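One-letter residues, chain by chain:
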Amino acid sequence: MDETVVGIWHAGRRELQRHGWKEQIQDNEITKAGYAKRHFRQMQAHADYRDMVESGKHPNGIPLTKEELKDFKKRMVDAGRWAKQYLCETKKIDREISALKKNLEMLGSLEM
């Protein structure tokens, strides 16, 4: 193959890679925002359930029954677990975004 053809082929391939990585970064940013929102909601639910369990009362002051107390303890634990899972996913996606940006920088330095 002619060196010019090979050079053009590599340049086209790098451009496709760059475009794919940019799209993936955008997709990951959207996904990360969703997980961060879910994390916040679950943390708030965990705090609300914890307050009810600790006080033994509903937010309006009515005492919890034994069954309700048991149910809210379970909900509190579940909300804490989900919040932790969503935080882990958010951090994982953040690392992926950083790696993709680093790849884009390295690809840009190859062209110069």
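Asks: Explanation requested: the overall build of the chain in the structure shown.
Replies: Along the backbone of the chain there are two helices and zero strands. For the chain, restricting intrachain contacts to residue pairs at least 6 apart in sequence, the fraction spanning at least 24 positions comes to 76%. Carbon and sulfur atoms make up 56% of the accessible area of the chain, which totals about 8600 Å².

Asks: Explain the side chain of N28 here, please?
Replies: Within the secondary structure, N28 sits in helix α1 (residues 3–55). When near neighbours in sequence (up to four residues on either side) are disregarded, N28 contacts I93, E96, I97 and L100.

Asks: Help me understand the packing of aromatic side chains in this model?
Replies: Describing an aromatic ring pair means giving the distance of the ring centres and the angle of the ring planes. Tallying each qualifying case throughout the model produces three aromatic pairs. Relative to Y86, the ring of Y35 has its centre 5.9 Å away and its plane inclined at 40°; by these criteria the two rings are tilted. In this pair, Y35 is assigned in helix α1 and Y86 in helix α2 (residues 66–111), connecting sequence segments 51 residues apart. Ring geometry for Y49 and F72: centres 5.7 Å apart, planes at 35°, overall tilted. Residue Y49 is located in helix α1, and its partner F72 is located in helix α2; the two are separated by 23 residues in the primary sequence. Take F72: its relative accessible area is 10%, and that puts it in the buried class.

Asks: Please clarify how the environment of Q24 should be interpreted in this entry.
Replies: Relative to the elements of secondary structure, Q24 occurs in helix α1. Residue classification places Q24 among the partly exposed positions, given a relative accessible area of 36%. Separated by 76 residues in sequence, Q24 and L100 place their C-alpha atoms 8.1 Å apart.

Asks: Teacher, can you tell me more about the environment of L64 here?
Replies: Here L64 is to be found in the loop between α1 and α2. Its relative accessible area of 14% is what places L64 among the buried residues. Residues L64 and M52 lie 12 residues apart in sequence; the distance between their C-alpha atoms is 8.2 Å. Sequence-distant contacts of L64, that is, excluding residues within four places in its chain, are made with M52, G56, K57, H58, L69 and F72.

Asks: What is the right way to look at the nonpolar core in this model?
Replies: The tendency in soluble globular proteins is for nonpolar side chains to be buried side by side. Core analysis: the biggest nonpolar cluster contains seven residues, these being W21, I25, I93, I97, L100, L104 and L107. Elements with a minimum of two residues in this core: α1 and α2. Looking at this core, the element that brings in the most residues is α2, giving five residues.

Asks: Could you clarify how one ought to interpret the pattern of salt bridges in this entry?
Replies: If the charged atoms of two oppositely charged side chains come close together, the side chains can form a pair. Applying the stated criterion to the full structure yields five salt bridges. Measuring nitrogen to oxygen at the nearest pair gives 3.1 Å for the salt bridge that ties R75 to D71. Here R75 pairs with D71, and both are found in helix α2, just four residues apart, close to one helical turn. Here D71 falls in the partly exposed class, since its relative accessible area comes to 33%. Ionic pairing is found between K74 and D78, a salt bridge with its closest N-O pair at 2.9 Å. Note that K74 and D78 are positioned in helix α2 at a spacing of four residues, about one turn of the helix. Residue class for K74 comes out exposed when judged on its relative accessible area of 53%. Beyond isolated ion pairs, a larger network of salt bridges with shared partners links K74, D78 and R81.

Each value, and the rule that gives it
- Residues numbered from 1 in each chain as written.
- Predicted model: local features only at pLDDT ≥ 70, side-chain atom pairs only at ≥ 80, totals over all residues.
- Heavy atoms only, no water.
- Helix = DSSP H or I, 4+ residues; strand = E, 2+ residues; numbered from the N terminus.
- Contact = heavy atoms within 4.5 Å.
- Areas by Shrake-Rupley, 256 points an atom, 1.4 Å probe, with all protein chains shown as cover.
- Phe/Tyr/Trp six-rings, centres within 6.5 Å; stacked < 30°, edge-to-face > 60°.
- Buried < 20%, exposed > 50% of the residue type's maximum accessible area, 1.4 Å probe, protein only.
- Core = buried A, V, L, I, M, F, W, Y, C linked by side-chain atoms within 4.5 Å.
- Salt bridge = Lys/Arg side-chain N within 4 Å of Asp/Glu carboxyl O.

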